[in-house]
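Below, each chain spelled out in residue letters.
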Amino acid sequence: MKNKQNFDEPKKEYIRKSKTFRKTLLKDAPKNVDNFLQGRVIEVKPKYYIVEQLETKTLFSCFAAGRISSPHKFSNLIACGDYVRFTLDESSATEQSGLIFQVEERRTKLSRRDPANPNREHVISANNSHLLIFMSIDEPLINLRLIDRILVAAELGKLEPIICINKIDLVDFDEISDMFDAYRELKIPFFPISVAEEIGLAELYSFIKDKDTVIVGMSGVGKSSLINNIFGCEVQRIADVSEWSGKGRHTTSIVRRFEVPFGGYLTDTPGLREFALWDVSKDELCLLFPDFRQYINDCKFAACTHTHEPGCSVKLAVDKNKISFERYQSYLNIYDTLDE
Ligand SMILES: Nc1nc2c(ncn2[C@@H]2O[C@H](COP(=O)(O)OP(=O)(O)OP(=O)(O)O)[C@@H](O)[C@H]2O)c(=O)[nH]1
Ligand SMILES: [Mg+2]
Ligand SMILES: [Zn+2]
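Notes on the structure in this doc start here. (Residues numbered from 1 in each chain as written. Chains lettered and ligands numbered in written order. Predicted model: local features only at pLDDT ≥ 70, side-chain atom pairs only at ≥ 80, totals over all residues. Heavy atoms only, no water.)

**A look at the nonpolar core**
(1) Moving on: With 71 residues, the main nonpolar core has Ile147, Ile165 and Leu226 as its most contacted residues.
(2) Moving on: Broken down by element, this core gets its largest block of residues, 8 residues, from helix H1 (residues 144–156).
(3) Moving on: Split by domain, this core shows at least three residues from each of two domains, domain 2 (125–268) and domain 3 (282–337).
(4) Moving on: Once you skip the residues sitting within four places of it in the chain, Ile147 turns out to touch Ile133, Met135, Ile142, Ile163, Ile165 and Tyr183. (Core = buried A, V, L, I, M, F, W, Y, C linked by side-chain atoms within 4.5 Å. Buried < 20%, exposed > 50% of the residue type's maximum accessible area, 1.4 Å probe, protein only. Helix = DSSP H or I, 4+ residues; strand = E, 2+ residues; numbered from the N terminus. Domains from an automatic or database assignment. Contact = heavy atoms within 4.5 Å.)

And the structure:
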């Protein structure tokens, strides 16, 4: 059976209690899960999950069982995109309702430090192939620091990054296009677009066709507008730009995965308020900046942090414009926020 190796008998230490469904606390997690249904979480609601059964594509509303077997000790139990094992809930009045008992190991993930608890990981979406970093050039203003931070998260989560700059109808993009040269040099697929004016969309769509992409970005940049454009109707609510105040307005509040009409999948996510990296130390950060890698072994001090030391090859490369000044600012900015 598909993915069977991931559903061996649950190990005791990995069995965690779920917060959402304590009432059905089981004495033991089930030992034989072969008869369970296999599915993928396609939507995370505040109290339950929409799970698509793998074989039939039937949708079920599932709660987390009282105890769930999961290989992820430090993160949220269930994320959008997770492969799960579930049973039908026979006590439920509706047939399309189930209980999730197991979560499979995540192959890739978009994750950050849980804003509510610095000791925990918050996985926003799991098992996607690509990460679409979605920004607007203005309203809200482009944030290069955030792009670089999310690029590090892509590297950590084994996701292929794509960068998309929306709302180019608001500026003369040719004038400012060189501010993105560092990403072009890194060979990251780069798409300046305007959803409103339908500029650059064909190129973006042909790139994401047949891929499994999660979109991430600040609130108000136009993520849901893009999804609606793809479907040609309002599948996701969007907020009028005149209502948008720059902070605190979040139109999309749940993570939701869509099968797109031209092939492939797109996962819409709520706008980010903050994005702190999870599970990266100060000394490994430079390795997550691919444009720094060729310089880091030539520094005068073996333990160079590339922040202040004399004879630092990374700083020298910045001075000679071989490393982008903005990328280096992002490195310093992230470095400051990390634990030793
Ligand atoms: N000028 C301009 N406005 C746009 C463009 N695309 C989207 N907008 C507007 O930007 C505003 C926010 O769009 P949304 O699609 O709701 O943004 P979002 O990223 O989904 O926001 P959250 O759900 O809060 O994360 C809306 O008023 C859109 O009409 C564009 O290409 N140009
Ligand atoms: Mg949205
Ligand atoms: Zn150095």
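Following the structure, the description resumes.
**Here we look at the coordination of the zinc ion (ligand 3)**
(1) Moving on: Taken together, Cys299 (SG), Cys304 (SG), His306 (ND1) and Cys312 (SG) make up the protein donors of the zinc ion (ligand 3), found 2.1 to 2.4 Å from the metal.
(2) Moving on: One can describe the site at the zinc ion (ligand 3) as tetrahedral: its 4 donor atoms subtend angles covering 100 to 113° at the metal.
(3) Moving on: Positions of the donor residues of the zinc ion (ligand 3) along the chain correspond to the pattern C-x4-C-x1-H-x5-C.
(4) Moving on: His306 gets classed as buried once you look at its relative accessible area, which sits at 3%. (Donors = N, O, S within 2.8 Å, 3.2 Å for Na, K, Ca; no water. Tetrahedral: all angles 85-135°; square planar, octahedral: opposite > 155°, others 65-115°.)

**A short note on the packing of H1 against helix H8 (residues 325–337)**
(1) Moving on: Where H1 contacts H8, the two axes come as close as 9 Å, and the packing angle between them is 70°. Between H1 and H8, the angle is such that the two are roughly perpendicular. As for the relative orientation of H1 and H8, their crossing is right-handed in sense. Contacts from Leu144, Arg145, Asp148, Arg149, Leu151 and Val152 of H1 reach H8 at Glu326, Arg327, Gln329, Ser330, Asn333, Ile334 and Thr337.
(2) Moving on: When its residues are assigned to classes, the contact of H1 with H8 shows 4 nonpolar, 4 polar and 5 charged. (Axes fitted to C-alpha atoms, helices over the stretch in contact; angles between N-to-C directions. Parallel < 35°, antiparallel > 145°, perpendicular 65-115°, else oblique. Left-handed = near helix turned anticlockwise from the far one by under 90°. Nonpolar A, V, L, I, M, F, W, Y, C, P; charged D, E, K, R; others polar.)

**Observations regarding the packing of aromatic side chains**
(1) Moving on: Counted by the stated rule, this structure contains 14 aromatic pairs.
(2) Moving on: Ring centres of Phe60 and Phe86 lie 5.2 Å apart, and the angle between their planes is 55°; this geometry places the pair in the tilted category. Remark: Phe86 occurs in strand S5 (residues 83–88) and Phe60 occurs in strand S4 (residues 59–69); sequence separation between them is 26 residues.
(3) Moving on: Judged by its relative accessible area of 6%, Phe60 falls in the buried class. (Phe/Tyr/Trp six-rings, centres within 6.5 Å; stacked < 30°, edge-to-face > 60°.)

**As for unusual backbone geometry**
(1) Moving on: Geometrically, the link from Glu139 to Pro140 is a cis peptide bond, its omega value of 0° lying close to zero.
(2) Moving on: Tracing the backbone through its elements, the reader meets Pro140 in the loop between strand S9 (130–136) and H1.
(3) Moving on: Despite not being glycine, Lys57 shows a phi value in the positive range, around 65°.
(4) Moving on: Tracing the sequence through the fold places Lys57 in the loop between strand S3 (49–53) and S4.
(5) Moving on: The class of Lys57 is partly exposed, set by a relative accessible area of 40%.
(6) Moving on: The backbone of Asn321 sits at a positive phi, close to 60°, despite the residue not being glycine.

**Description of the pattern of salt bridges**
(1) Moving on: Applying the stated criterion to the full structure yields 14 salt bridges.
(2) Moving on: For Arg106, the salt bridge is made with Asp82, and the minimal N-O distance between the two is 2.8 Å. Placement of Arg106 in the loop between strand S6 (97–103) and strand S7 (109–113) and of Asp82 in the loop between S4 and S5 is noted, with a sequence separation of 24 residues between them. Of the two residues examined, Arg106 and Asp82, each falls in the buried class.
(3) Moving on: Lys109 is the salt-bridge partner of Glu121, the closest N and O atoms lying 2.9 Å from each other. (Salt bridge = Lys/Arg side-chain N within 4 Å of Asp/Glu carboxyl O.)

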